[in-house]
Amino acid sequence: MTPPTQPRGARELHRAVIDCERCPRLRAHCLETARVKRAAFRDEEYWGKPVPTWGRIDAPLHIVGLAPAAHGANRTGRMFTGDRSGDFLFAALHRAGFANSPISRDKRDGTRLLDCALTAVAHCAPPGNKLLPEEIANCRDWLQIEWDLRRRTRVVLALGTLAFTETVKQYRRRGWLADDERPRFSHGLNWMCRASAPVLMASYHPSQQNTFTGRLTPAMLDSVFRRARRVIDGG
Ligand code: SF4
């Protein structure tokens, strides 16, 4: 697929992502989910469009997740907002000083990210939380463009293996990894790259599958954010 035209800045990128129609299967799924709704949200108007990155383009911490949840970000229009994964993540972001509130409910809740931006491998919710390879490739162009605009990132935190794989691809493309460097996903990874490159970190994704089973605990995520904070503060 032809790559999208390079937006001139963060605002233009934000708009272009919202208008994106490159993945027909995902667009159809998001719209259908927005039409049918979950009973608990039947009185709400779902967003149903691609969910853009949340946070400033100059944020030092850039967090990469998987994709919006069908009844979470696809409903609220804001990354990690309105579902259990977001609840878990925001409690930790708040404890670490990366958000002004532990709650991310909807766009009117007054929650702000501090020194942090949230994005995902795909900006549209996939059926069954499974993305097809061509959909990952389509949305990779947006991540690439976004990173071209990001000049002050100090830490990139990938949530889960797919986000990690995509992040490593971006690092390679930018020459931030030597040919013989092969970072592998593991929770708590803290990969120091070449001098000017952001530190590459990894965590289990805060999905219910991980948090309900104790695979990812609040203490484990706190430890990751403490390290990110130390890097950003120059410690
Ligand atoms: S997943 Fe990404 S590339 Fe695909 S339609 Fe949504 S915004 Fe566009």
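Structure shown above.
Reference entry: report on the structure contained in this document. No experiment lies behind these values; they were computed from the predicted model shown.

Thresholds, definitions, all that
- Residues numbered from 1 in each chain as written.
- Predicted model: local features only at pLDDT ≥ 70, side-chain atom pairs only at ≥ 80, totals over all residues.
- Heavy atoms only, no water.
- Salt bridge = Lys/Arg side-chain N within 4 Å of Asp/Glu carboxyl O.
- Helix = DSSP H or I, 4+ residues; strand = E, 2+ residues; numbered from the N terminus.
- Buried < 20%, exposed > 50% of the residue type's maximum accessible area, 1.4 Å probe, protein only.
- Axes fitted to C-alpha atoms, helices over the stretch in contact; angles between N-to-C directions.
- Parallel < 35°, antiparallel > 145°, perpendicular 65-115°, else oblique.
- Contact = heavy atoms within 4.5 Å.
- Nonpolar A, V, L, I, M, F, W, Y, C, P; charged D, E, K, R; others polar.

1. Focus: the pattern of salt bridges
Consideration 1: All told, the structure shown has 18 salt bridges when counted by the stated rule.
Consideration 2: Salt-bridge contacts for R22 lead to D141; the nearest nitrogen and oxygen are separated by 3.0 Å. Within this pair, whereas R22 is found in the loop between helix 1 (10–18) and helix 2 (24–36), its partner D141 is found in helix 5 (residues 133–149), the two being separated by 119 residues in sequence.
Consideration 3: Judged by relative accessible area, D141 falls into the buried class, the value being 19%.
Consideration 4: Its salt-bridge partner being R173, residue D148 comes within 3.8 Å of it at the nearest N-O pair. You can see D148 sitting in helix 5 and its partner R173 sitting in helix 6 (residues 161–173), a full 25 residues away along the chain.

2. Let's talk about the packing of helix 1 against helix 5
Consideration 1: One can describe the packing of helix 1 onto helix 5 by two numbers: an axis separation of 10 Å at closest approach and a directional angle of 170 degrees. Relative to helix 5, the element helix 1 is oriented roughly antiparallel. Across from A10, L13, A16 and V17 in helix 1, the residues of helix 5 making contact are W142, I145, E146 and L149.
Consideration 2: For the contact of helix 1 with helix 5, the per-class residue count stands at seven nonpolar, no polar and one charged.

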